[in-house]
Structures are given as structure tokens and as C-alpha cells.
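Each chain, letter by letter, is given below.
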Amino acid sequence: MNTGFVVLQKYLMTPMAKISQFKLVRAVMAAGMASVPFTIVGSMFLVFNILPMTFTGLQGFFESTFFKVSDLYMIANTATIGILALYFNFVVGYELTKIEAEETGLNVNALNGAMLSTFAFFMTLPELVVQNGMISLINNQSEQVINGFRMGSGIVRLGTGGIFIAIIMAALATKLYFLCVRRNWVIKMPETVPLGVSRSFTALIPTFVIALSVIILNGVLVYFGTDIYSVIAIPFTFVTNLTKSWLGVMVILFLIHALWVVGIHGASIIGALITPITLVNMSENTMGAHIPFAGEFNNSLVIIGGSGATLLMTFFIAFCAKSSQLKILGRASAVPAIFNINEPVIFGMPIVYNPYLAIPFFLAPMACGTLGYFAINMQIIQPIVALIPWPSPIGLGAFISTGGDYKAIVVAILSAILALLIYLPFVKFYDNKLYKDEQKKAEK
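Residues numbered from 1 in each chain as written. Predicted model: local features only at pLDDT ≥ 70, side-chain atom pairs only at ≥ 80, totals over all residues. Heavy atoms only, no water.

Let us now look at the packing of aromatic side chains. Enumeration according to the criterion identifies 19 aromatic pairs in this entry. Ring centres 6.0 Å apart and planes at 35 degrees place the aromatic pair Tyr177 and Phe178 in the tilted group. On the accessibility criterion, Tyr177 (1% relative accessible area) is buried. Here Phe178 falls in the buried class, since its relative accessible area comes to 4%. Here the aromatic rings of Tyr373 and Phe374 are separated by 5.0 Å at their centres, their planes lie at 80 degrees, and the arrangement is edge-to-face. For Phe374, a relative accessible area of 32% corresponds to the partly exposed category. Taken together, the ring pairs connect Phe45, Phe48, Phe61, Phe62, Phe66, Phe67 and Tyr73 into an aromatic cluster. (Phe/Tyr/Trp six-rings, centres within 6.5 Å; stacked < 30°, edge-to-face > 60°. Buried < 20%, exposed > 50% of the residue type's maximum accessible area, 1.4 Å probe, protein only.)

Written out as C-alpha cells, the structure is:
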């Protein structure tokens, strides 16, 4: 096991620690966290709207009451999930500029960076085509493309499908902004000019440079019969498809817990990389897909009680452990565990760098992930269509996120029991060891 820890440190912890410090990764992580209130609120309205699909007895009541004003309240969904790419784009641009200013001392303004990112992103939204030697906006009523904008419940490219482009355009816009400032390609105003006016003129030349760059990029791609969305879709579709497979889900769960075992918050690092993908998958589920790994799949059906799926194990050591160390730790950690907070257990038992508990810490979530994956894949339960707060207690998150499927509660409970069965032999062995050590110390 010591050799295993060394291998994880060398080949996983070190590279992942470096990746987590990339400015773009930190900005995407911040964007994911900032978008949480919007995704949860938007999801709640969606769940409310699809309840009659699960509880068919409510159909008549909803049609005579709530559905008469559904276009009114579903605006909340359109203005959150429907434009999620815009939130990501704005926050990533803001955070990248803020990080650059703080870490390099470059005289750039975070709000300018965010607005320039939004400007660049909006320039990629319209769909263009070359016709009769001219570049024109696409108008196709049958495909609902109006003046270049593909429409669904809102503008399609502003939704979850545009998140990857939103991030890329934020990175491009801010890089050009930083380049202009470093080269002094800015209009400097006298110190007597109000700060707001000065900032607006400072961003004037960067705005022109960004506009020209995106126009050239769009023009070249349209000339070759494509656009940036189609180009970026090639690698990102491949990555997204990996998350739709059981093996891909297992790799993600392994990486999260391998990082935890060597002391790094695996959920945060891997979460920053996969959040855009899980949001895209969740959006596809709302349109009829049946993708298991979507939304808060992990917190709803897999890591019950926190990373490692430690909920029932925490209650086991609280009431059944022989050693005082585990018993006291379990009782102190029981309430947080109900809300998927288990750092006290991870660092208190500890699980980090602990050869007695590392194996079940890997195996339990992977087993629960397998159960949850195939429960959705085989359509035993409904797919995840709504985002729920990650601290949601066992069963509640599964029920809400699947649009009110009561069978999801059963799967969540079975996952917790499965995880406990995997932990039991290892925890008992570790508990006995600690108990014997305590007895020896007491005798001395």
C-alpha cells in the first residue's frame, strides 16, 4: 500500500495539483460555483412542470391550474438553464482577469474582462453560410434559425450546449485584452478623468482587437463550411461521450477518490473539469435522453454521505465501534454526514494515507456508481433532469433530481447499504487494531 501511495503521489497527485492551479481551471471552477443558485432554481421550476409525468393522477389538476400559467413561471428556467453558457462566460472572463491582475500586477479591470468575454462570445452565436459568393446569416424557418440564431425555448447556443464555447471565448478575449495592455495598446486618460470613463476608454482598443480577431476567425471557418461550434464539438463530443459510458464513469470516480486518498479535494478538481459535461448531459435528459452521468449524479446516487459513500459507515462506527477514537469521531461526524459532509471522517479516521481504508474508499463509490448507472441506463429509474443542492440528504436529492421518481429513493438507499457492506470488513479490522492499541496504552 505504501508503494501504491507513492505511485498515486507521483503520477496522479502531482499532475492534478498542477492542473488545479491553471488559471483557466480555477476560473471554470469559480464559474461552476457561481452558477449553482441559477441551475438549482431553474431546475426546481422544471421539476414542478414535469411532476404530472411521474404522478399521472396530477395531470388533470395541473392542466386546469398551473399549466395555464406555465409559460409565465418557466421563464425562470429559460433565464437560468436556458442561458447558462452566458453565466459561465461572464464569470470565467471576470475571474481570469481578476487572477491576472492579482498575480502579475497587470493593470486590467475584472469587469472589463468579463464584458469583453461576453462580447466575444455573442459574436460567435449567429450561424452564417456562404451563398453566391456572399456570407449571409442563415434563415431557415423549418429548422427554426432566425437571422442566424437557432431557437428552441430560447437561443439554443446560449444554453448548456454553448458552455464550452463560452469558456473558450472568455479565454481568448481576456488573452487579447492582456496583450493589448502589456503592449500599451490602450488609450490613456488624464488622472483627473473619472475612473469609470477612464476604464471604458482603456477597453476601447482591446474591444476592436477582439472584434477583428473573432470576425476573421468566423470568416475563415464559414468559408470552409463550418463554424467554431462545429470545430470544438469534435474533441468535446468525444470527451462527453466518454462520460456516457460505464467505464468513463468509473474512471471519473476513481480519479476523484484517488486524489482524496493522497489528501487532495478530488471532488473539487475533477468537478471543475466535468461540470460543463454533466450540465450538457442533464440538458439532453430534459429533451428525452437517458444519460446516467448527469447533473448531481454523484451526490444523488453514488457518494451518499460524502466522497467515498461513507454515510452508513459513519453511523456504524458511531454506535458499533469498539475503539474510543472511532466511536467519538463517528458521533461527532454523524450529523454532517447526513448532508454529504464527511471531511471529519476523511481526515479524522483518517482515510487519507490509510492503507486499511483506502481500498473500500475506492470500491464503495465505484460499486454505488455501477448500481446508479445501470439503474438509469436500463430505465429502471428516470434520468437526472434537475440540479439539486449537493448537501441534500439521502433519497431526497435522488427523488427531486429525477423529477419525482420514488424508485430513485430506493436506489439511493441500496447504494448506501452496498457501500456499508464493502466497508464493514475493513472498518472492523481497523477498529480492532485501534482498540488493541488503546488497551495496550491503558495497561501501560
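Continuing now.
Looking now at the pattern of salt bridges. Side chains bearing opposite charge may pair, as long as their charged atoms lie close to each other. Scanning the entire structure with this criterion turns up 10 salt bridges. Between Arg182 and Glu100 there is a salt bridge; the shortest N-O distance is 2.3 Å. One end of the pair, Arg182, is in helix α8 (residues 163-182); the other, Glu100, is in helix α6 (residues 84-104), with 82 residues separating them in the sequence. Classification of Arg182 by relative accessible area gives partly exposed; the value is 47%. Here Glu100 falls in the buried class, since its relative accessible area comes to 4%. Here Asp437 makes a salt bridge to Lys433, at a shortest N to O gap of 3.2 Å. (Salt bridge = Lys/Arg side-chain N within 4 Å of Asp/Glu carboxyl O. Helix = DSSP H or I, 4+ residues; strand = E, 2+ residues; numbered from the N terminus.)

What follows deals with a nonpolar patch on the surface. The grouping of Leu371, Ile394, Val410, Ile413, Leu414, Ile417 and Leu421 at the surface amounts to a nonpolar patch, some 560 Å² of accessible area in total. The topology assignment puts Leu371 in helix α18 (residues 358-377). For Leu371, a relative accessible area of 30% gives the class partly exposed. (Patch = residues over 30% accessible without salt bridge, like charges linked within 9 Å, V, L, I, M, F, W, Y side chains within 5 Å. Areas by Shrake-Rupley, 256 points an atom, 1.4 Å probe, with all protein chains shown as cover.)

Let us look at helix α13 (residues 266-286). For α13, spanning 21 residues, the distance from its first C-alpha to its last is 28 Å, which sits close to the expected 30 Å at 1.5 Å a residue. The largest bend in α13 amounts to roughly 50 degrees and is located at Ala272, with the proline Pro276 lying one to four residues further along. α13 sits mainly inside the fold: 15 of its 21 residues count as buried. A positive phi of about 110 degrees marks Gly288, the residue just after α13. (Expected span 1.5 Å × (residues − 1). Bend = angle between axes of the 7 residues up to and from the residue.)

Under the definition given, this model contains 1 cavity of 30 Å³ or more. Taken as a whole, the largest cavity encloses approximately 60 Å³ of empty space. Every residue along the wall of the largest cavity is listed here: Thr124, Pro126, Glu127, Leu128, Asn218, Val222, Asp227 and Ile228. (1 Å grid on protein atoms, 1.4 Å probe; cavity = no way out; pocket = protein on both sides within 12 Å on 5 of 7 lines; lining within 4 Å. Points joined across faces, edges and corners; volume = space filled by probe spheres on them.)

Before going further, it helps to spend a moment on a positive patch on the surface. Together, Lys322, Lys436, Lys440, Lys441 and Lys444 give the surface a local cluster of positive charge. Following the sequence through the fold, Lys441 ends up in helix α20 (residues 406-443). Taking the relative accessible area as the measure of exposure, Lys441 reaches 67% and is therefore exposed. (Lys, Arg positive; Asp, Glu negative; His and termini not counted. Charge placed at Lys NZ, Arg CZ, Asp CG, Glu CD.)

All right, on to the packing of α8 against α13 then. Closest axis-to-axis distance for the α8/α13 pair is 10 Å, and the angle between their directions is 150 degrees. Residue-level contacts link Ile163, Phe164 and Ile167 of α8 to Pro276, Ile277, Leu279 and Val280 of α13. (Axes fitted to C-alpha atoms, helices over the stretch in contact; angles between N-to-C directions. Contact = heavy atoms within 4.5 Å.)

Moving on to the confidence of the model for the protein chain. When pLDDT is averaged across the protein chain, the result is 91; 99% of the residues are at 70 or more. The secondary-structure element of the protein chain with the lowest mean pLDDT is helix α1 (residues 2-20), recorded at 74, while helix α7 (residues 110-122) shows the highest, at 97. (pLDDT = per-residue confidence, 0-100.)

Let us look at the pairing of strand β2 (residues 134-137). Two elements, strand β1 (residues 128-131) and β2, share 4 bridges in a ladder whose sense is antiparallel. The residue of β2 that forms the bridge with Val129 is Ser136. Here β1 folds back onto β2, and the loop between the two strands holds 2 residues, one of which, Asn132, carries a positive phi near 55 degrees. (Pairing = 2+ DSSP bridges.)

Moving on, we come to the environment of Ile252. In this fold, Ile252 is placed in helix α12 (residues 246-261). Ile252 gets classed as buried once you look at its relative accessible area, which sits at 9%. With 70 residues separating them in the primary sequence, Ile252 and Arg182 have C-alpha atoms 39 Å apart. The residues contacting Ile252, other than those within four sequence positions of it, are Thr243, Ile270, Ile274 and Phe293.

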